[in-house]
Amino acid sequence: MKYSILSNHVGGEENSGKGPLLDVYSPLNGELLSRVPLSTTEEVDQAVRAAAKAFPDWAARPIKERVQVFYRYKYLLEKHQDELAALVVEENGKTRTEAVAEVQKSVEVTEFACALPQLTAGEIEEVSRGVECRSDRKPLGVVASITPFNFPNMVPNWTIPNALALGNAMILKPSEQTPLSANRIAELLLEAGLPKGIFNVVHGAREAVEAICDHPGIEAVSFVGSTKIAKIVYRRASAHHKRVLALGGAKNHLIVLPDAHEEMTASDVAASMTGCCGQRCMAASVMIAVGEVDNIIEKLCAEARKIVPGENMGAVISRAAKERIEGYITEAAEQGAEILVDGRGATVPGREKGFYVGPTILDRVTPEMRVAREEVFGPVLSILRVATIEEALEIENASEYGNAAAVFTQSGGLARYVAERAGAGMIGVNIGVPVPREPFSFGGWNQSKFGTGDITGKSSVEFWTKLKKTTIKWNPEARTNWMS
Ligand code: NAD
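Residues numbered from 1 in each chain as written. Predicted model: local features only at pLDDT ≥ 70, side-chain atom pairs only at ≥ 80, totals over all residues. Heavy atoms only, no water.

Concerning the site of the ligand
Phase 1 of the analysis: Taken together, 28 residues lie around the ligand, and Lys173, Glu176, Ser226, Gly248 and Glu375 are the ones closest in.
Phase 2 of the analysis: Between the ligand and glutamate 176 there is a distance of 2.6 Å, counted from an oxygen atom to a side-chain nitrogen or oxygen.
Phase 3 of the analysis: Residue serine 226 places a side-chain N or O atom 2.6 Å away from an oxygen atom belonging to the ligand.
Phase 4 of the analysis: Considering the ligand on its own, with 850 Å² of exposed area, one finds that the protein chains cover 89% of that surface.
Phase 5 of the analysis: Elements with a minimum of two residues in the shell around the ligand: helix H8 (206–214) and strand S10 (220–224).
Phase 6 of the analysis: Taken together, the residues of the shell around the ligand break down into 15 nonpolar, nine polar and four charged.
Phase 7 of the analysis: Both domains that furnish three or more residues to the shell around the ligand are identified here as domain 1 (8–248 + 448–469) and domain 2 (252–429). (Near = heavy atom within 4 Å. Polar contact = N/O pair within 3.5 Å; in protein donor to acceptor, adjacent residues only side chain to side chain. Areas by Shrake-Rupley, 256 points an atom, 1.4 Å probe, with all protein chains shown as cover. Helix = DSSP H or I, 4+ residues; strand = E, 2+ residues; numbered from the N terminus. Nonpolar A, V, L, I, M, F, W, Y, C, P; charged D, E, K, R; others polar. Domains from an automatic or database assignment.)

Below is the structure:
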């Protein structure tokens, strides 16, 4: 085993969990990396108590003082970029380039958190003669963040800098499939000067998540993962009167019009469907070909064939994921889809125990097929052919998800027409992965997100704080007013 057994991180101390241990394998080669404790309800409670103890002092500090920690944290993320990326590569299986980009996104979110004092100043107004009202943003208390396997560094950092800079204390429950990055993040936060207990890591799976949803000491829960579990967490934590924001899965449609730029569209669509092995909620999953776009499809297949597992493409997370993805491809072929590029059975010499699926492009898929409707979460693109933009929009709008959608065209008018009518929270025009960059916020629609607001950017400020409104009168003359 490459690393020692992981500990929880509670009150600034490593705290070996009492729950059963789960093996953590590298998807790259099947190597046993570590063992992660599946924490119990009691261990979640311990972490909440540590966070609650640390919270008052941290919350009482002015925000300008709190963000100093995040200036140092940003520097540490940059200083350790290569090491953090290497950890992501090992535990998640993505490429080094992708892992570096992930850490860089964590840096960007941290930069945003450093700017929060400029964005969160309250308001003050004389509302009657001699009477003024002011509003101030206050932290919620102890909050929790539950994260998925596909971005072990970035997704935790979507929540950590903003929630903590705004004065909260946090319990992070990372994915049990990729738990290593979280402990390193905890170390760097301590090194940056974060007081002990403000950030805690509780490893685990179902029991730990349920304990978080139920715990009366936790005020808010953010969740990122599949729609199935997002719904469970949203319902359960809301039932315990918590504020909840639960981001779920995705099925992103790219609408390609005949006037789209050939090279740019082909390379963007190929990058979107294969990046992170298709294991990202912004991945292209369905391409709706409007009219005659065979020239683009041909180039797209050529681009996809240049992407090779083990060279410029990583691994999928597990054997189960590989089998599930290949199952979708086989089923679609049996139902009449034409396989233009087939990524089944991919292996990497010297890494025979790794979990690889190559880029796969399926043509003549129909909207009823499972591969066209369900989240595959692998490097598989389904091409649906339609005659009109209206038909394309109808298919896109019928999806139960609504994370991202994109349109590829050289026409500004058509781009705007599609962008206005697509039913997704994040829209790309000639961009295959339309992730909004800070200060814009990240979040989908429909079954891709449950709760109000978004998880990053300005929108997250609302989620991680509550408003205090104070009405003030010092001047006795103000008595003449009806407010007195
Ligand atoms: P997942 O839902 O299986 O796991 C997410 C978290 O839920 C993990 O921490 C896991 O331990 C926990 N969990 C799993 N089963 C549980 C159960 N029965 N009860 C309680 N908790 C449980 O998701 P994943 O496979 O780790 O991640 C992939 C999914 O995440 C995809 O669907 C992807 O689209 C989605 N995702 C969405 C976004 C977004 O922004 N919308 C971003 C990244 C990933």
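Comments concerning the confidence of the model for the chain
Phase 1 of the analysis: Mean pLDDT over the chain works out to 97, with 98% of the residues at or above the 70 mark.
Phase 2 of the analysis: By mean pLDDT, strand S2 (residues 13–15) is the weakest element of the chain at 90, and strand S7 (residues 142–146) is the strongest at 99. (pLDDT = per-residue confidence, 0-100.)

Side note on the side chain of threonine 360
Phase 1 of the analysis: For threonine 360, the position within the fold is in strand S15 (residues 360–363).
Phase 2 of the analysis: A relative accessible area of 0% places threonine 360 in the buried class.
Phase 3 of the analysis: Within the structure, threonine 360 has its side chain in polar contact with the backbone nitrogen of glycine 343 (distance 2.9 Å).
Phase 4 of the analysis: Of note is the side chain of threonine 360, whose polar atom sits 3.2 Å from the backbone oxygen of glycine 358. (Buried < 20%, exposed > 50% of the residue type's maximum accessible area, 1.4 Å probe, protein only.)

Considering the packing of aromatic side chains
Phase 1 of the analysis: Evaluation of the coordinates by the stated rule reveals five aromatic pairs.
Phase 2 of the analysis: For the pair tryptophan 158 and phenylalanine 442, a centre-to-centre distance of 4.5 Å together with 40° between the ring planes defines the contact as tilted. Here phenylalanine 442 lies in the loop between strand S18 (426–429) and strand S19 (449–450) and tryptophan 158 lies in helix H6 (residues 154–165), a separation of 284 residues in the sequence. Each member of the pair, tryptophan 158 as well as phenylalanine 442, carries the same accessibility label: buried.
Phase 3 of the analysis: Each ring, one from phenylalanine 463 and one from tryptophan 464, has its centre 4.9 Å from the other, and the planes form 75°; the classification is edge-to-face.
Phase 4 of the analysis: The aromatic ring of phenylalanine 151 is capped on one face by lysine 94, whose charged end is 3.7 Å from the ring centroid.
Phase 5 of the analysis: The ring of tyrosine 417 has arginine 421 sitting right over it, with the charged end atom 3.6 Å from the ring centre. (Phe/Tyr/Trp six-rings, centres within 6.5 Å; stacked < 30°, edge-to-face > 60°. Lys NZ or Arg CZ within 6 Å of the ring centre and 35° of its normal.)

What about the domain arrangement of the chain?
The figure often quoted for interface size is the accessible area lost as the parts come together.
Phase 1 of the analysis: For the chain, the assigned domains are domain 1 (8–248 + 448–469) and domain 2 (252–429).
Phase 2 of the analysis: Counting residues at the interface gives 18 residues for domain 1 and 22 residues for domain 2.
Phase 3 of the analysis: Regarding the contact of domain 1 and domain 2, the summed buried area is about 1500 Å², with carbon and sulfur atoms giving 61% of it.
Phase 4 of the analysis: Where domain 1 touches domain 2, the interface holds seven residue pairs in polar contact (both at pLDDT 80 or more).
Phase 5 of the analysis: Grouping the amino acids of the side of domain 1 that touches domain 2 by side-chain chemistry returns four nonpolar, eleven polar and three charged. (Contact = heavy atoms within 4.5 Å. Buried area = accessible area lost by both parts, 1.4 Å probe.)

Things to note about helix H16 (residues 457–464)
Phase 1 of the analysis: Taken as a whole, H16 has its buried residues at Gly457, Ser460, Val461, Phe463 and Trp464. Mapping the buried residues of H16 onto a view down its axis gives an arc of 165°, with all of them on the same face. Those residues of H16 that are exposed and aimed more than 90 degrees away from the buried face are Lys458 and Glu462. (Arc of directions from axis to C-beta.)

A word on the pairing of strand S4 (residues 32–37)
Phase 1 of the analysis: Where strand S3 (residues 21–25) and S4 come together, five bridges link them in antiparallel fashion. From the neighbouring strand, aspartate 23 faces S4, where its bridge partner is arginine 35.
Phase 2 of the analysis: Where S3 folds back onto S4 in an antiparallel hairpin, the turn is made up of six residues, including glycine 30, whose phi is positive at roughly 75°. (Pairing = 2+ DSSP bridges.)

Description of the sheet that holds strand S20 (residues 465–473)
Phase 1 of the analysis: The sheet built from three strands is open, its strands ordered S5-S6-S20 with antiparallel pairing. Of all the strands in the sheet, just strand S5 (123–128) and S20 have a single pairing partner and so form its edges. Here the average twist between neighbouring strands, direction ignored, is 25°.
Phase 2 of the analysis: As judged from the nine bridges shared by strand S6 (residues 131–139) and S20, these two strands associate in the antiparallel manner. Looking at S20, one finds that arginine 137 is bridged to leucine 467. (Axes fitted to C-alpha atoms, helices over the stretch in contact; angles between N-to-C directions.)

Let's talk about the packing of helix H14 (residues 389–398) against helix H15 (residues 412–421)
Phase 1 of the analysis: H15 packs onto H14 with a crossing angle of 25° between their chain directions and a minimal axis gap of 10 Å. Comparing the axis directions of H14 and H15 gives the class roughly parallel. The chirality of how H14 crosses H15 is right-handed. Here Ile389, Glu390, Leu393 and Asn397 of H14 come into contact with H15, specifically with Leu414, Tyr417, Val418 and Arg421.
Phase 2 of the analysis: Taken together, the residues of the contact of H14 with H15 break down into five nonpolar, one polar and two charged. (Parallel < 35°, antiparallel > 145°, perpendicular 65-115°, else oblique. Left-handed = near helix turned anticlockwise from the far one by under 90°.)

Points about the nonpolar core
Phase 1 of the analysis: Counting 92 residues, the largest nonpolar core has Phe70, Trp158, Leu164 and Phe199 as the members making the most contacts within it.
Phase 2 of the analysis: Two domains share this core, each providing at least three of its residues, namely domain 1 (8–248 + 448–469) and domain 2 (252–429).
Phase 3 of the analysis: Apart from the residues within four sequence positions on either side, tryptophan 158 is in contact with Val109, Val224, Leu247, Phe442, Ile455 and Thr456.
Phase 4 of the analysis: One finds Leu254, Leu300, Leu384 and Ile395 within the second-largest nonpolar core, a separate group that totals 58 residues. (Core = buried A, V, L, I, M, F, W, Y, C linked by side-chain atoms within 4.5 Å.)

Thoughts on the pattern of salt bridges
Phase 1 of the analysis: The full count for this structure, using the stated rule, is 33 salt bridges.
Phase 2 of the analysis: The partner of aspartate 45 in a salt bridge is arginine 49, with the nearest N and O atoms 3.1 Å apart. Here aspartate 45 pairs with arginine 49, and both are found in helix H1 (residues 41–60), just four residues apart, close to one helical turn.
Phase 3 of the analysis: Residue aspartate 45 is classed as partly exposed on the basis of its relative accessible area of 25%.
Phase 4 of the analysis: Lysine 105 is the partner of glutamate 108 in a salt bridge, and the nearest nitrogen-oxygen pair spans 2.9 Å. Taken together, the positions of glutamate 108 and lysine 105, both in helix H4 (residues 96–114) and three residues apart, correspond to about one turn of that helix. (Salt bridge = Lys/Arg side-chain N within 4 Å of Asp/Glu carboxyl O.)

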